[in-house]
Amino acid sequence: MQQKREQWSSKIGFIMAAAGSAIGLGNLWKFPYIVGTNGGAVFLIIYIIFLILLGIPILLAEMAIGRSAGKNAVDSCKTINPKFGFVGGIGILGAFLVLSGYGVVGGWVIKYIFKSFSYDNFTSDFFNEYISKPFEPVIWTFIFMALNVLIVTGGVSKGIERVSTVLLPLLLIFLFGLMIYSVTLPGAVDGIKYFLVPDFSGINSFSDISKIAINAMGQVFFSLSLGMGTLITYGSYLPKKSDLVSNTIMVVTLDTAIAIISGFTIIPAVFSFGLEVTGGPGLIFQTLPAVFMNIKGGSFISAIFFTLVLFAAITSAISLLEVIVSWFSDKTGLSRTISSVIAGGAAFLIGIAASLSFGTLSGIKILGMNIFDFLNHAADKVVMPIGGFLMCILVGYIWGIKPASDEISNGGSLRFRLKPLFAAAMKFIAPVLIIIIFISSLF
């Protein structure tokens, strides 16, 4: 029982929502530590190459599929070919896996906002001690998921678009201010060099470069929410007259800008205080509080920073939840409110196990990983690349470049200058790159 499809109320509203979907924990939490653990500027160069060869074409393809069909991720793919609805299903699975882990990290962020006002109690062991607790992290995870459910129940224009239009500009303004502060710290220039000047001394084998490439591809998929049906779903709410190419360029530009600003905010500060840039996933939860503790007004700055991270997490998490809700609501005929509660509740239940995997359930290992790490690995190293590969096959060979280009160019009324790159990327470059890197990741 298909319900009437909503639409974005304005182009800027869609851009803010789509960019908010891309701009999330992948930018503020994950990007700085991935750069730090993968050679700094070397990773940045490979990441930008993959943005052009993988990110832009696949994002554009997903948006075109969604707008063409005007349906959820599964039904949009079925519209192209009834046998390929499973491609959208893989996207929904990816969104669910990411959302389940997202809720855990989102809960950590809320905790740190409140903790910032007593930041003198931050110790080097606080993060590990906190995440290993059995109850409190789960409570904050519930609060984070409840916030997202509340927003998504408001609908596309009155819920997702309205929140994104407010939060994303605030994120840009405050993060830019923090970046200016960070790059002017004593010794910050070493962090800037690490971020911008390539150092190939750490690359001694094909395995080294392969590892960086795997992480760069995973970051592109994670950061832009590719292979998760997000842009198919968001694209389905677009009017036919919208310019998909300019929308894609704006979303990718905003996403990359936030990632780079985040790198300039965090990495120079880490170098300035003589801390380890290779701090891994705990970089903003372990390293940055140590920075805030040693500067004047650190409590206030810490609260602002983690509030920004929360803004980014919410704008991204609501897009993941919307992918699931859109499909579930269309499939069952249930209201948006009920569908949101069920989808958010299911992600929260998996999130409980992910949260407890740092403590009570730490003994449970899947392929040598705890539950939280396995969810992340399964999503950005397996499900999303597979989803992206199948998206290339669906658009490049099943739908065809010409019909896809006609949709992108609004029937030829808009000039599609990127058509040669789009065609080459969808039929050859992206599938081959994904296969090579995916196989490399297995070994």
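1. A few points about the overall build of the chain
Part 1: Secondary structure assignment for the chain yields 17 helices and zero strands.
Part 2: Dimensions of the chain, computed from the C-alpha atoms along their principal axes, are close to 60 × 50 × 40 Å.
Part 3: Each of the 443 residues in the chain was classed as buried or not, and the buried ones make up 59%.
Part 4: Of the contacts formed within the chain by residues at least 6 apart in sequence, a portion of 81% connects residues at least 24 apart.

2. Here we look at empty space enclosed by the protein
Part 1: With the rule as written, the count across this model stands at four cavities of 30 Å³ or more.
Part 2: In this model, the largest cavity occupies a volume close to 100 Å³.
Part 3: For the largest cavity, the lining is made up of 13 residues, of which Leu 178, Tyr 181, Thr 265, Ala 269 and Phe 292 are closest to its centre.
Part 4: Looking at the lining of the largest cavity, the elements with two or more residues in it are helix H8 (156-183), helix H12 (244-272), helix H13 (283-293) and helix H14 (298-332).

3. Structural notes on the environment of Tyr 237
Part 1: Along the chain, the position of Tyr 237 falls in the loop between helix H11 (230-235) and H12.
Part 2: Within the structure, the side chain of Tyr 237 is placed 2.4 Å from the side chain of Glu 322, a separation counted as a polar contact.

4. As for the confidence of the model for the chain
Part 1: On average, residues of the chain carry a pLDDT of 85, and 94% of them reach 70 or more.
Part 2: The weakest mean pLDDT in the chain belongs to H13 at 74; the strongest belongs to helix H15 (residues 336-356) at 95.

5. Re a nonpolar patch on the surface
Part 1: On the surface, a cluster of nonpolar side chains totalling about 500 Å² of accessible area is made up of Phe 135, Ile 139, Phe 142, Ile 143 and Leu 147.
Part 2: Locating Phe 142 in the fold gives a position in helix H7 (residues 136-153).
Part 3: Looking at Phe 142, the relative accessible area reads 48%, which means it is partly exposed.

6. Describing the side chain of Ser 355
Part 1: Relative to the assigned elements, Ser 355 resides in helix H15.
Part 2: When sequence neighbours within four positions are dropped, the list of residues in contact with Ser 355 reads Val 104, Ile 131, Pro 137 and Val 138.

7. Some words on the state of the cysteines
Part 1: Summed over the entire model, instances satisfying the criterion amount to zero disulfides.
Part 2: In this model Cys 77 remains outside any disulfide bridge; the closest cysteine sulfur is found in Cys 392, 12 Å from its own.
Part 3: Note on Cys 392: relative accessible area 0%, which makes it buried.

8. Details of H15
Part 1: With 21 residues, H15 should cover 30 Å at 1.5 Å per step; its first-to-last C-alpha distance of 30 Å lies within 8% of that length.
Part 2: All of the buried residues in H15 are Arg 336, Ser 339, Ser 340, Ala 343, Gly 344, Ala 347, Phe 348, Gly 351, Ala 354, Ser 355 and Leu 356.

9. A few points about the pattern of salt bridges
Part 1: Going through the model one piece at a time under the given rule, you end up with six salt bridges.
Part 2: Residue Lys 111 pairs with Glu 136 through a salt bridge whose shortest N-O separation is 2.7 Å. Residue Lys 111 is found in helix H5 (residues 85-115), and its partner Glu 136 is found in helix H7; the two are separated by 25 residues along the sequence.
Part 3: Measuring nitrogen to oxygen at the nearest pair gives 2.7 Å for the salt bridge that ties Arg 336 to Glu 322. With Arg 336 in helix H15 and Glu 322 in helix H14, this residue pair connects regions lying 14 residues apart in the sequence. A single burial state applies to Arg 336 and to Glu 322, both of which are buried.

10. Some details on the packing of helix H10 (residues 206-224) against helix H16 (residues 371-408)
Each packed pair of helices is defined by two parameters, the angle between the axes and the distance between the axes.
Part 1: H16 packs onto H10 with a crossing angle of 70° between their chain directions and a minimal axis gap of 10 Å. Comparing the axis directions of H10 and H16 gives the class roughly perpendicular. Seen from above, H10 lies across H16 with left-handed handedness. Of the residues in H16, those touching H10 at Ile 214, Asn 215, Met 217, Gly 218, Phe 221 and Phe 222 are Asp 380, Lys 381, Met 384, Pro 385 and Gly 388.
Part 2: Tallied by class, residues from the contact of H10 with H16 come to six nonpolar, three polar and two charged.

11. Quick word on unusual backbone geometry
Part 1: A positive phi angle, close to 55°, is found at Leu 367, a residue other than glycine.
Part 2: As for its placement among the helices and strands, Leu 367 is situated in the loop between H15 and H16.
Part 3: Of note, Asn 410 is a non-glycine position whose phi angle comes to about 55°, a positive value.
Part 4: If you trace the backbone, Asn 410 turns up in the loop between H16 and helix H17 (419-442).

12. Observations concerning the packing of aromatic side chains
Part 1: Counted by the stated rule, this structure contains 23 aromatic pairs.
Part 2: For the pair Tyr 112 and Phe 285, a centre-to-centre distance of 5.1 Å together with 75° between the ring planes defines the contact as edge-to-face. One end of the pair, Tyr 112, is in helix H5; the other, Phe 285, is in helix H13, and 173 residues separate them in sequence. Here Tyr 112 matches Phe 285 in class, with each residue buried.
Part 3: On the basis of an interplanar angle of 10° and a centroid distance of 6.0 Å, the ring pair of Phe 126 and Tyr 130 is categorised as stacked.

13. A word on the side chain of Ser 339
Part 1: On the secondary structure map, Ser 339 appears in helix H15.
Part 2: Only 2.9 Å separates the side chain of Ser 339 from the backbone oxygen of Ser 335, close enough to count as a polar contact.
Part 3: The contact partners of Ser 339, leaving out residues within four places of it in the chain, are Val 325, Phe 328, Ser 329 and Leu 334.

14. Some details on the nonpolar core
Part 1: Counting residues in hydrophobic clusters, the biggest one holds 152 residues, and the most contacted among them are Phe 50 and Phe 422.
Part 2: The element that contributes the greatest number of residues to this core is H14, accounting for 17 residues.
Part 3: Once residues lying within four places of it in the same chain are set aside, the contact partners of Phe 50 are Gly 55, Ala 213, Ala 216, Met 217, Val 220, Leu 433 and Ile 437.

The rules we used
Residues numbered from 1 in each chain as written. Predicted model: local features only at pLDDT ≥ 70, side-chain atom pairs only at ≥ 80, totals over all residues. Heavy atoms only, no water. Helix = DSSP H or I, 4+ residues; strand = E, 2+ residues; numbered from the N terminus. Buried < 20%, exposed > 50% of the residue type's maximum accessible area, 1.4 Å probe, protein only. Contact = heavy atoms within 4.5 Å. 1 Å grid on protein atoms, 1.4 Å probe; cavity = no way out; pocket = protein on both sides within 12 Å on 5 of 7 lines; lining within 4 Å. Points joined across faces, edges and corners; volume = space filled by probe spheres on them. Polar contact = N/O pair within 3.5 Å; in protein donor to acceptor, adjacent residues only side chain to side chain. pLDDT = per-residue confidence, 0-100. Patch = residues over 30% accessible without salt bridge, like charges linked within 9 Å, V, L, I, M, F, W, Y side chains within 5 Å. Areas by Shrake-Rupley, 256 points an atom, 1.4 Å probe, with all protein chains shown as cover. Salt bridge = Lys/Arg side-chain N within 4 Å of Asp/Glu carboxyl O. Disulfide = S-S within 2.5 Å. Expected span 1.5 Å × (residues − 1). Axes fitted to C-alpha atoms, helices over the stretch in contact; angles between N-to-C directions. Parallel < 35°, antiparallel > 145°, perpendicular 65-115°, else oblique. Left-handed = near helix turned anticlockwise from the far one by under 90°. Nonpolar A, V, L, I, M, F, W, Y, C, P; charged D, E, K, R; others polar. Phe/Tyr/Trp six-rings, centres within 6.5 Å; stacked < 30°, edge-to-face > 60°. Core = buried A, V, L, I, M, F, W, Y, C linked by side-chain atoms within 4.5 Å.

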